[in-house]
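Per-entry structural report
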Amino acid sequence: MTTSTTYSLLLLTASIGFIIWLTAYKRVNAFFALLLAALGVGLLSGQPLDSIAGTLKTGFGHTMEKIGLLIILGTTLGVILERTGATLSMANRILRLVDERNAPLAIALTGFVIGFPIFCDSGFIILSGLNQSLVRKTRMPMPVMAAALATSLYAVHCLVPPHPGITAALGTMGGDVGMVMLVGLGLAIPATAVGYGWSIWRGKIVSYDQPDAAAEPVVDEQLPSAGLSFIPVVLPIMLIAGKSLALLTISAQQATEQLGWRLLVFVGEPVVALGVGIIASLLLIQSRHRSGLTNWLTEGVDKAGMIIAIIAGGGMFGEMLQVTGIGKSLGDALNGLPLGIFFPFLIAALLKTAQGSSTVAVITAASLVTPLLASLGLQSPMGVTLAVLSMGAGSMVVSHANDAYFWVISRFSDLPTATMFRVYSLATIAMGVVVQLLIWGLYLILY
């Protein structure tokens, strides 16, 4: 290993450690941590002073171009579904289809469906009241119910666009959103099953003082119908999936020349599909909601702002790593090591475990993995898809005390920290490892 390669790897290690130190221990906002890390890499790598600012702006702009609108629309759709009561309407319909004895399965299915348009922490907060009611009615242990809900939301959050981490990785690596959504959805199902199974097994054997009060779940008669509530969630997924499947079966010439195919490709573009979902969500607006619609749209943009800022910070860090050649140095150092599809997983898992945020873990990992795709044998379109999802699997491992979602679950379910570690945290390890093994199996089949 040459002196320059050694220095580059030390600089890379120091920059990642700096991000972890600032975000996990000093509680500095991740955007500023990533910005400072990118600036430090530029200065310490000897980049000309007049080009460092340009590199930062280029990384910021490219990231916004790729995923900024997607995040805003996805967040806005989630706010509308929450405020109109559509999420609770979907939950109630699923609960009616499942026997009370299978309450954990019902709440897991609810989390899986509602997790598509809503971030996992918001989804858990929204459904926590329903979960509490089910616990009181069915006498099912809270550790079982809370973990079943939390892991189903978490699986979708880490693996399926338009959630911010996996979407940002796509923007950095240039993958196909529709393909990642299809394969990610397929992987989220076994991930949810693993989380559900672990919740049932461990949740029933941990010691926990169950409350004695009994109450019926509250049903709001003003909720929109379940049929209308599902439309804004299912329709964008169908449109995006339709485009991806169409492009696998038709030629590029057909996709650009024939009107029917052109329309299908257009509405299947993720940004357009989410826009269609928002338009469909207007069917949920009742007369009592109309005065608040403008505020909901503003709330969606506001909530997206911080997420976009962090993702843009990751774009600046990634751009600086590419310009300085640190990514290439890492590739040279790893040349010959049989890591393959496990490398993206390991990087994301280390970052997730160290600093807590799945989004920051995937964004940072994408910056490191992108220059190495060829060295890892993952430069093909399917290779990029598997690499992105491998980082998503790594971002599950492990959710513990430095993860805000961990404390959302604990606080809203009144679960002690020790119980959270034994049930939820261990479940996230099992989920991430199983998903990565499935990705490895796909890699062996395809390559």
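Numbering of residues begins from 1 in every chain and follows the order in which that chain's sequence is written. For this predicted model, a pLDDT threshold of at least 70 governs which residues receive local features, and a threshold of 80 or more governs which side-chain atom pairs are given and counted, while totals over whole chains, interfaces and linings are taken from all residues. Hydrogens are left out, water is left out, and the side-chain values use all remaining heavy atoms of the structure.

1. What about the overall build of the chain?
Keep this limit in mind: Starting at the N terminus, helices and strands are each numbered in turn, a helix being any DSSP run of H or I of at least four residues and a strand any DSSP run of E of at least two. Here the radius of gyration uses the C-alpha set of atoms, whereas the globule reference equals 2.2 Å times the residue count to the power 0.38. Burial status follows relative accessibility: with a 1.4 Å probe on protein chains alone, a residue under 20% of its type maximum counts as buried, one over 50% as exposed, and anything between as partly exposed. Should any heavy atoms of two residues lie within 4.5 Å, those residues are considered in contact. A residue counts as positive if it is Lys or Arg and as negative if it is Asp or Glu; His and the chain ends are not included. Where a charge lies is defined by one atom per residue type, namely NZ (Lys), CZ (Arg), CG (Asp) and CD (Glu).
When you go through the chain residue by residue, the secondary structure sums to 21 helices and 0 strands. Over its C-alpha atoms the chain spans a radius of gyration of 22 Å, differing by no more than 12% from the 22 Å that the globule rule assigns to 447 residues. In terms of overall dimensions, the chain has C-alpha extents of about 70 × 60 × 45 Å along its principal axes. When the 447 residues of the chain are sorted by exposure, 55% land in the buried category. Intrachain contacts of the chain at a sequence separation of at least 6 include 82% that bridge at least 24 residues. Each charge class in the chain can be summarised by its mean position, and for the 22 positive and 20 negative side chains these summaries are 3 Å apart.

2. Describing the confidence of the model for the chain
Fine structural detail should not be taken from predicted coordinates in areas where pLDDT scores are low. For clarity, the threshold we go by: pLDDT measures how confident the predictor is about each residue, on a scale from 0 to 100.
Overall, the predicted model of the chain reaches an average pLDDT of 84, with 91% of residues at or above 70. In the predicted structure, residues 213-219 sits below a pLDDT of 50 and forms 11 contacts with residues beyond four places in sequence or in another chain.

3. Observations regarding a nonpolar patch on the surface
The criterion, for reference: Patches here are clusters of residues that have more than 30% relative accessible area and form no salt bridge, with a 9 Å joining cutoff for like charges and a 5 Å cutoff for nonpolar side chains (Val, Leu, Ile, Met, Phe, Trp, Tyr). Computed with the Shrake-Rupley method and a 1.4 Å probe, the accessible areas treat only the protein chains shown as cover for residues. In the sections that follow, a salt bridge refers to a side-chain nitrogen of Lys or Arg positioned within 4 Å of a carboxyl oxygen of Asp or Glu.
A cluster of nonpolar side chains, contributed by Tyr-7, Phe-18, Trp-21, Tyr-25, Leu-36, Leu-39, Leu-43, Leu-44 and Leu-49, occupies part of the molecular surface with about 940 Å² of accessible area. When residues of the nonpolar patch are traced back to their parent elements, those giving at least two are α1 (3-25) and α2 (30-44). If you trace the backbone, Trp-21 turns up in helix α1.

4. Brief notes about the packing of aromatic side chains
Keep this limit in mind: Aromatic pairs are defined between Phe, Tyr and Trp rings, using the six-membered ring for Trp, whenever the two ring centres lie within 6.5 Å; interplanar angles under 30 degrees are classed as stacked, those over 60 as edge-to-face, and all others as tilted. Definition used: whenever NZ (Lys) or CZ (Arg) falls within 6 Å of the ring centre and also within 35 degrees of the ring normal, the charge is taken to sit over that ring.
Tallied over the entire structure, the rule returns 12 aromatic pairs. On the basis of an interplanar angle of 85° and a centroid distance of 6.4 Å, the ring pair of Phe-124 and Tyr-405 is categorised as edge-to-face. Of this pair, Phe-124 sits in helix α6 (residues 120-138) while Tyr-405 sits in helix α20 (residues 404-413), and the two are 281 residues apart along the sequence. For the pair Phe-124 and Tyr-405, a shared accessibility class is recorded, and that class is buried. Considering the side-chain rings of Trp-198 and Trp-201, the 5.1 Å spacing of their centres and the 90° angle between planes classify their relative orientation as edge-to-face. Pair noted here: Trp-198 and Trp-201 are both in helix α9 (residues 177-203), with a separation of 3 residues, about one helical turn. Members of the aromatic cluster, joined through ring pairs, are Phe-124, Tyr-154, Tyr-405, Phe-406, Trp-407, Phe-421 and Tyr-424. Here the basic side chain of Arg-202 rests over the ring of Trp-201, its NZ or CZ set 5.4 Å away from the ring centre.

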